[in-house]
Amino acid sequence: MPMPLIAEKYGSFFNLARQHQVIFYYVGYFSQNIVAAMAEAVKLQLEVSGVAGPTRRKLFSSFVEMAQNIIHYSAVSLTPPKQDDGELRHGSVCIRRECDGSFLLLCANPVEQAVADDLRGKLEALREMTLDEIKLAYRQTLREETPLGSKGAGIGLLTVARDAREPLEFDFDVTDSAGQTPVFYLKAAI
């Protein structure tokens, strides 16, 4: 019996990515080194594609913030959960170009229920804020100390919201995860 052609087995994924104008997609374990390498690839691809400087900056900073959030908060880890240096956490990130030349930045990763509850509250509040309110909150957060339990300065979601051209969209899916840990999805239109 002949073996199926590789194109028959995997071609649909490749063609779907091409149809959706995916310019970057990664699924797997994230570390600081992997994020740095991905960021360089994204930066170069955007420069070579002739994307305007302000759009490149927004895409790049939002991409890095989303990847950092995966490193810090994904519930699936190769390193111990309490380890906060050299973490290896699972997730995915995608950049796609829209027909009008704008971009969508998407990420997904499983999170503990307490993290999901916290994210939901923060993101719902962000969706209600104007751009000026987001910028003010960003500046205030920069001046404050790092929140207790936070692995960053608390500005990641504010950075992404500030750079997005419309309110952030998010979702949590329990059915997408074998252990019923919610999978967090975040979409930013840049």
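Per-chain numbering applies: the sequence of each chain, read as written, is numbered from 1 onward. pLDDT decides what is reported in this predicted model: residues at 70 or higher carry local features, side-chain atom pairs at 80 or more are listed and counted, and totals for whole chains, interfaces and linings draw on all residues regardless. Hydrogens and waters are ignored; side-chain quantities use all the structure's heavy atoms.

Here's the deal with the overall build of the chain
Alright, step 1. Put simply, DSSP marks the helices as runs of H or I at least four residues long and the strands as runs of E at least two long, and each gets a number from the N terminus on. Helices and strands together make up the secondary structure of the chain, namely six helices and five strands.
Alright, step 2. Secondary structure elements of the chain occur, N-terminal to C-terminal, as α-β-α-α-β-β-α-α-α-β-β.
Alright, step 3. Computed over the C-alpha atoms, the radius of gyration of the chain is 18 Å, within 12% of the 16 Å expected from 2.2 N^0.38 for a compact globule of 190 residues.
Alright, step 4. Principal-axis analysis of the C-alpha atoms gives the chain an extent of 65 × 40 × 30 Å.
Alright, step 5. The rule is simple: take the accessible area with a 1.4 Å probe, protein chains only, and divide by the maximum for that residue type; under 20% is buried, over 50% is exposed, in between is partly exposed. Buried positions account for 36% of the 190 residues belonging to the chain.
Alright, step 6. Note on areas: Shrake-Rupley, 1.4 Å probe, and residue coverage restricted to the protein chains presented here. Total accessible area on the chain stands at roughly 11300 Å², and carbon and sulfur atoms take up 57% of it.
Alright, step 7. Computed over 20 positive and 24 negative side-chain charges, the separation of the two mean positions in the chain equals 5 Å. As defined in this context, the radius of gyration uses C-alpha atoms, and a globule is described by 2.2 Å times the residue total to the power 0.38. Residues scored as positive are Lys and Arg, those scored as negative are Asp and Glu, and His as well as the terminal groups of each chain are ignored. Taken as the charge centre is NZ of Lys, CZ of Arg, CG of Asp or CD of Glu, depending on the residue.

Overview of the environment of L126
Alright, step 1. Looking at where L126 falls in the secondary structure, it is placed in helix α4 (residues 113-128).
Alright, step 2. Taking the C-alpha atoms as reference points, L126 and L157, 31 residues apart in sequence, are found 8.4 Å from one another.
Alright, step 3. Aside from chain neighbours lying at most four places away, what touches L126 is I134, L157, L158, A161 and L168. Contact definition: two residues touch when any of their heavy atoms are within 4.5 Å.

Re the layout of surface pockets
Alright, step 1. Note on definitions: the grid is 1 Å and covers protein atoms alone; a cavity is a set of points where a 1.4 Å probe fits but cannot get out; a pocket is an open set with protein on both sides within 12 Å along at least five of seven lines; lining residues have an atom within 4 Å of a point. Grid points are joined across faces, edges and corners, and a volume is the space filled by probe spheres set on the points. Each pocket or cavity is described by its volume, and for the second largest pocket that value is around 360 Å³.
Alright, step 2. As for the second largest pocket, its lining consists of 19 residues, of which V22, Y25, C94, R96 and L106 are closest to the centre.
Alright, step 3. In terms of residue count, strand β2 (residues 89-97) provides more of the lining of the second largest pocket than any other element does, four residues in total.
Alright, step 4. Class assignment of the residues belonging to the lining of the second largest pocket gives a composition of 13 nonpolar, two polar and four charged. Ten residues, namely Ala, Val, Leu, Ile, Met, Phe, Trp, Tyr, Cys and Pro, are considered nonpolar, four, namely Asp, Glu, Lys and Arg, are considered charged, and the remaining ones, Gly among them, are considered polar.

Comments concerning the side chain of S62
Alright, step 1. With respect to the secondary-structure elements, S62 resides in helix α3 (residues 53-73).
Alright, step 2. Among the residues examined, S62 registers a relative accessible area of 0% and is labelled buried.
Alright, step 3. With near-sequence residues (within four places) excluded, S62 lies in contact with L105, T159, V160, D163 and I190.

Examining the packing of aromatic side chains
Alright, step 1. Geometry of aromatic contacts follows a simple scheme: Phe, Tyr and Trp rings, the Trp one being its six-membered ring, pair when their centres are within 6.5 Å, and the pair is stacked under 30 degrees between planes, edge-to-face over 60, tilted otherwise. Counting across every chain of the model gives five aromatic pairs.
Alright, step 2. Each ring, one from F24 and one from F63, has its centre 5.7 Å from the other, and the planes form 90°; the classification is edge-to-face. Placement of the pair is F24 in strand β1 (residues 22-30) and F63 in helix α3, with a sequence separation of 39 residues.
Alright, step 3. With relative accessibility at 14%, the residue F24 sits in the buried group.
Alright, step 4. Among the residues examined, F63 registers a relative accessible area of 0% and is labelled buried.
Alright, step 5. Pairing F170 with F172 gives two aromatic rings, centres 6.0 Å apart and planes at 70°, and the pair type is edge-to-face. Considered together, F170 and F172 belong to a single accessibility category, that of buried residues.
Alright, step 6. Cluster of aromatic residues (ring-pair linked, three or more members): F170, F172 and F184.

With respect to the confidence of the model for the chain
Alright, step 1. Summing up the model confidence of the chain, the mean pLDDT is 89 and the portion of residues at 70 or higher is 91%.
Alright, step 2. Here helix α1 (residues 6-19) is the element of the chain with the lowest mean pLDDT, 88, and strand β5 (residues 183-189) is the one with the highest, 97. A residue's pLDDT is the predictor's confidence in that residue, given on a scale from 0 to 100.

Remarks on the pairing of strand β3 (residues 103-110)
Alright, step 1. Within β3, seven of the eight residues are buried, leaving the element largely enclosed by the surrounding structure.
Alright, step 2. Between β2 and the antiparallel strand that follows it, β3, lie five residues; G101 among them carries a positive phi value of about 95°.
Alright, step 3. One ladder, built from seven bridges, connects β3 with β5; its direction is antiparallel. Bridge pairing in β5 places P110 opposite V183. The pairing criterion is simple: DSSP has to find at least two bridges between the two strands.

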